[in-house]
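Take a look at the letters that make up each chain.
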There are 2 protein chains.
Amino acid sequence: MPSPFTAVAIVGTGLVGCGWAVVYALGGARVRLYDADRASLDGALARIQSTLTDMRKAGLIDDVETPLAAITVADGLAAAVDGVDYVQESVFERVDVKTAVAAEIGAAIAPHVVVGSSSSGIPASAFTQAAPNRNRFLIVHPVNPPHLVPVVELVPAPWTDTEIVPWLRERLEACGQVPVEVRREIDGFVLNRLQGALLNEAWALYEEGYASIADIDATVSQGLGLRWAFMGPFETIDLNAPGGVADYAQRLGPLYHAIAQSRTEPRPWSPELIEKVAAERRAALPLPSLPERSAWRDRRLMQLVAHLRSQRRSG
Amino acid sequence: MPSPFTAVAIVGTGLVGCGWAVVYALGGARVRLYDADRASLDGALARIQSTLTDMRKAGLIDDVETPLAAITVADGLAAAVDGVDYVQESVFERVDVKTAVAAEIGAAIAPHVVVGSSSSGIPASAFTQAAPNRNRFLIVHPVNPPHLVPVVELVPAPWTDTEIVPWLRERLEACGQVPVEVRREIDGFVLNRLQGALLNEAWALYEEGYASIADIDATVSQGLGLRWAFMGPFETIDLNAPGGVADYAQRLGPLYHAIAQSRTEPRPWSPELIEKVAAERRAALPLPSLPERSAWRDRRLMQLVAHLRSQRRSG
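Owing to the predicted nature of the structure, the values given are computational and were not obtained by experimental measurement.

### Describing the sheet that holds strand β2 (residues 30-34) of chain A
In a beta sheet, neighbouring strands are held together by backbone hydrogen bonds and run either parallel or antiparallel to one another.
Residues and elements named next belong to chain A.
Inference 1: As summarised here, the arrangement of the eight strands in space is β3-β2-β1-β4-β5-β6-β7-β8, forming an open sheet in which the pairing is mixed. Edge positions in the sheet fall to β3 (71-73) and β8 (178-181), since each of these pairs with one other strand and no more. The sheet shows a mean angle of 25° between the axes of neighbouring strands, taken without regard to direction.
Inference 2: The sheet contact formed by strand β5 (residues 114-117) and strand β6 (residues 137-142) spans three bridges and is parallel. By the bridge assignment for β6, valine 115 is matched with phenylalanine 137.
Inference 3: Sheet contacts for helix α5 (residues 95-108): β1 (7-11), β4 (86-89), β5 and β6; angle to β4, the most-contacted strand, approximately 165°.

If you want it as C-alpha cells, here you go:
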C-alpha cells in the first residue's frame, strides 16, 4: 500500500479547492480549509457535502459522513498549515495573486512540508522565486473536477527538491489519483499541449471550411475519444498494427509528418474566427442553456467514471 | 425515421468489410458479400456470426439470427451488386489495388448506385479518375471496428454527385452510425488529422524528454479522453468558461497559439526515436502479448459502447 497523507491544508476553496478536499478526505487524510475570502470559506463545507452526496448517488462512494467529518475549516492560514505534511493551493490563476500567496504559505509552513499549486498554465518558477522555502513548491495540476478525473500533472520548478515528485506520486496514488511527471517546465505542461495541438488543428480545419463544428466534434466524441477514454495515444497505435508501434510508425509516420508540414505557419484564433465558432455553438446551445448543459456534462462524467472503475475492477 | 438501405454489397470481406456487413444487416438491409479472395469470402459468415455473438453477450443486440439471415455470399461481383442501392468497398489500401477494384465496380453497377470506399487515407480522386460511373464514388471511412465505433467520414471527390452525401448521411444514420462530412479532400481527412496533431505533439514531448510514454498515455486515458468520450473538443471548451467558447478562446487562445508557434519545424518520427518509443512500449507489453491486449481493448470498447448507449437513452 502506498503511504497516504497525514493532514492536508487546502488554500483557496473555490471549485478546484473543494474538489481537492474531497480527494484527500476520501484518501484518508485530515483536511483543513482556508480561504482569504471569508464568504467562499463559509460556503465550502456545504459545497463539499453536496459533491459527496452526488458521488454517493452515482455509486462512486458509500458514505458521505466519514469523509465530511475529516474536513474542518481553519481560522487563518497558520492554523490551516499547522501539523500538515502537504498544502494544496488553488487560488485565482494570476501571477501576482499566486506570488503573494506563495510568499505567505512559504513563511507559514514547517520546512519539510510540500506545497502543490493547482495552476493549469503558470509554471512554479514564475511565482515562487522569492518565496520562503521555495524548494518545497511545485505544480500539482488537476483536471476539473479532481474528484472525478484522476490525472494530475506534477511539474517541478528548477529549484524544487528532487525527492518531492516521488514522495507526492506515492501519496496521490494512495488517494486514487493518477499522477504524471512533467520533468521540466514547458508552456501548457503536457495535458494542455496535447489538448492544444488537437484544438489548433480543429480550429484550422473549421476556418478552412473542411467541416462544421458539429462534425468535427462528432469525429472525436463518436470516434477518437472512445479509445482515448481507456487507452492513451501511444497504446492506441501500438495495438493498431500487427507489429506494434514500430510497425505502425513506419507505415503512418510519413502521413503524420505531412500533416505537421502543412501547419508550419500557425494563425492565432482571430476575433472573426472566434465569432464564427461562437455563432455555430450558440446556435446549437444558447448561452442561457450553458449551465444546464454543464450539469449534464457532470452527470455524464460521473456515470462514465463509475463505468471505468467497474471495468478496472473486472480487469 | 431516416430511410434505410434496401440492399448493400460488401466488396472485400476482411475485418473492416465484415464489420460493415454487421452494421448494414443490423440496420435492416439485405447484405451480399463478395471478395476476390475465395478463402476470405468462405470464412466471412463465420467471422460475422462470431462478432454478432460477442455483441449479444455484451448486451448490445438481442438477436443474432435475424441479422445473420440477412447476409448472403454472392457468386461473383456482378451477382453481389445486382439490385443493390449501395456498395461498400473495403479492399487492401493501396492505390493500384483500389484503382483496379473501382474500375470493376464502376463497370458492374447500375448508374444510380452509390459506392463508398473504406479508405482511411487515400482520397477517392486518387483511384476513381478513370472508373466508369466515377461520379457515384466517394470515401466512406469508418473507425475500426465500424459496428462499435459510430463515426464515419464522408469525403467526396471533386466529381462526386452532390446529392450523394445527404442521401448517404440519412441512410448511415438509420443504421446507427454518425456520419460526418469532410467537404473536400485533404491528407488524413479530419479524423486522422486530429489524431495526427495530438500524436505529433506526444512524440515531440517524448523526444524532448518532458515525460515518459506511460505518463503521456495516462494524461489522455485518465484525463483528456474522459470528456472526449462523450463531447467533442469544441463542446468541451464551450462548457469550460462561463461565457462559452468565445470567453474561453479569449483567455486561452494566446497559450494555444504559443504552443503552435513552438512547433513550426516539425521533425519526422526518426528511426532512432521509433526505436526508443517501441522499446518503452515493449517493456510495458511484450510483442507476444499484443493479441491478448487487443482482445482486452475490444472487450473494453464493447463495454464502453454499451455504457454510452445506455446514457444516450437516459438523456
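### A closer look at the confidence of the model for chain A
Inference 1: When the pLDDT values of chain A are averaged, the result is 96; 99% of them are 70 or greater.
Inference 2: As a predicted assembly, this complex carries a pTM of 0.96 together with an ipTM value of 0.96.

### A short note on unusual backbone geometry
Residue and element names in this part refer to chain A.
Inference 1: Going from asparagine 144 to proline 145, the amide bond is cis rather than trans, its omega being -10°.
Inference 2: With respect to the helices, strands and loops of the structure, proline 145 is situated in the loop between β6 and β7 (151-156).
Inference 3: Backbone geometry places asparagine 133, a non-glycine residue, at a positive phi of 55°.
Inference 4: Relative to the elements of secondary structure, asparagine 133 occurs in the loop between β5 and β6.

### Some points on the relation of the copies chain A and chain B
Inference 1: Taken as rigid bodies, chain A and chain B are interconverted by a rotation of 180° and an axial shift of 0.0 Å, the fit giving an RMSD of 0.0 Å. What the superposition gives is, in effect, a two-fold axis relating one chain to the other. For chain A, the smallest separation between a C-alpha atom and the rotation axis is recorded for Thr264(A), amounting to 2.1 Å.
Inference 2: Looking at chain A, 100% of its interface residues are interface residues in chain B too, so the copies touch through the same face.

### Here we look at the pairing of strand β6 (residues 137-142) of chain B
All names here are of chain B.
Inference 1: Among the six residues of β6, six are classified as buried, and the element is accordingly described as predominantly covered.
Inference 2: Where β6 lies against strand β7 (residues 151-156), five bridges are found, and the strand directions are antiparallel. Each residue of the ladder has a partner; that of leucine 138, found in β7, is proline 156.

### What about the domain arrangement of chain A?
Inference 1: The domain architecture assigned to chain A consists of domain 1 (7-181) and domain 2 (191-284).
Inference 2: Just the C-alpha atoms count here: the centres of domain 1 of chain A and domain 2 of chain A sit 32 Å apart.

### Some thoughts on the sheet that holds strand β3 (residues 71-73) of chain B
Residues and elements named next belong to chain B.
Inference 1: Sheet architecture is open: eight strands sit in the order β3-β2-β1-β4-β5-β6-β7-β8, paired in mixed fashion. Two strands close off the open sheet at either side, each with one partner strand: β3 and β8 (178-181). Neighbouring strand axes in the sheet, compared pairwise and without regard to direction, differ in orientation by 25° on average.
Inference 2: Against the sheet, helix α5 (residues 95-108) contacts β1 (7-11), β4 (86-89), β5 (114-117) and β6, and its axis sits at roughly 165° relative to β4.

### Points about the interface of chain A and chain B
Inference 1: Contacts between the two partners involve 87 residues from chain A, matched on the other side by 87 residues from chain B.
Inference 2: Listing elements by their share of the side of chain A that touches chain B, those giving two or more residues are β8, α7 (191-207), α8 (213-228), α9 (233-238), α10 (244-261), α11 (271-284) and α12 (290-313) of chain A.
Inference 3: Among the elements that make up the side of chain A that touches chain B, the one with the highest residue count is α8(A) (15 residues).
Inference 4: By residue class, the composition of the side of chain A that touches chain B is 49 nonpolar, 23 polar and 15 charged.

### Quick notes on helix α2 (residues 38-57) of chain B
Residue and element names in this part refer to chain B.
Inference 1: The end-to-end C-alpha separation of α2 is 30 Å, in line with the 28 Å expected for 20 residues at 1.5 Å each.
Inference 2: Turning to α2, the residues buried within the fold contact α1 (15-26), β2 (30-34), α3 (65-69) and β3.
Inference 3: Looking one or two residues past α2, glycine 59 carries a phi angle of roughly 80°, positive in sign.

### What to know about the nonpolar core
Nonpolar side chains in soluble globular proteins tend to end up buried together.
Inference 1: Counting residues in hydrophobic clusters, the biggest one holds 189 residues, and the most contacted among them are Ala21(A) and Ala21(B).
Inference 2: Ignoring anything within four residues of it in the chain, the contact list for Ala21(B) reads Ile10(B), Val31(B), Leu33(B), Ile48(B) and Ile71(B).

Reading the values: rules and limits
- Residues numbered from 1 in each chain as written.
- Chains lettered and ligands numbered in written order.
- Predicted model: local features only at pLDDT ≥ 70, side-chain atom pairs only at ≥ 80, totals over all residues.
- Pairing = 2+ DSSP bridges.
- Helix = DSSP H or I, 4+ residues; strand = E, 2+ residues; numbered from the N terminus.
- Axes fitted to C-alpha atoms, helices over the stretch in contact; angles between N-to-C directions.
- Contact = placed C-beta atoms within 7 Å.
- pLDDT = per-residue confidence, 0-100.
- Least-squares fit on C-alpha atoms with pLDDT ≥ 70 in both.
- Buried ≥ 20, exposed ≤ 12 C-beta atoms within 10 Å, placed from the backbone.
- Domains from an automatic or database assignment.
- Nonpolar A, V, L, I, M, F, W, Y, C, P; charged D, E, K, R; others polar.
- Expected span 1.5 Å × (residues − 1).
- Core = buried A, V, L, I, M, F, W, Y, C linked by C-beta atoms within 7 Å.

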